[in-house]
Amino acid sequence: MIPKDPIMLLSYINTMLRDKYSSVTELCKACGVDEYEIREKLRTVDYEYDEATNQFV
């Protein structure tokens, strides 16, 4: 289950990107979640996905 709290979500997503997935798109497909919603929720706490580092910064 993916956390609803943006800060917990940030930690969860970045850990999954570091340990298991090569992109946020791949992670979202595998988990069955909407990538746009993830990106928007993390924007609310001023984080954007950086493809070069494969993490939200």
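Residues numbered from 1 in each chain as written. Predicted model: local features only at pLDDT ≥ 70, side-chain atom pairs only at ≥ 80, totals over all residues. Heavy atoms only, no water.

1. Re the nonpolar core
No. 1: The biggest cluster of nonpolar side chains holds 14 residues, and the ones touching the most others in it are Ile 13, Leu 17, Leu 27, Ile 38 and Phe 56.
No. 2: The set of elements that each furnish at least two residues to this core consists of α1 (6–19), α2 (24–31) and α3 (35–43).
No. 3: For this core, the leading source of residues is α1, giving five residues.
No. 4: Not counting residues within four places of it along the chain, the set of residues in contact with Leu 27 comprises Ile 13, Met 16, Leu 17 and Tyr 21. (Core = buried A, V, L, I, M, F, W, Y, C linked by side-chain atoms within 4.5 Å. Buried < 20%, exposed > 50% of the residue type's maximum accessible area, 1.4 Å probe, protein only. Helix = DSSP H or I, 4+ residues; strand = E, 2+ residues; numbered from the N terminus. Contact = heavy atoms within 4.5 Å.)

2. Some thoughts on the pattern of salt bridges
No. 1: Applying the stated rule across the entire model yields four salt bridges.
No. 2: As a salt-bridge pair, Glu 35 and Arg 39 come within 2.9 Å of each other at their nearest N and O atoms. Taken as a pair, Glu 35 and Arg 39 lie in helix α3 at a separation of four residues, close to a single helical turn.
No. 3: Between Arg 43 and Glu 40 there is a salt bridge, and its shortest N-O distance comes to 2.3 Å. Taken together, the residues Arg 43 and Glu 40, both in helix α3 and three residues apart, mark about one turn of the helix.
No. 4: The partly exposed category is assigned to Arg 43, whose relative accessible area is 31%.
No. 5: One salt-bridge network, in which partners are shared between bridges, spans Glu 40, Arg 43 and Glu 48. (Salt bridge = Lys/Arg side-chain N within 4 Å of Asp/Glu carboxyl O.)

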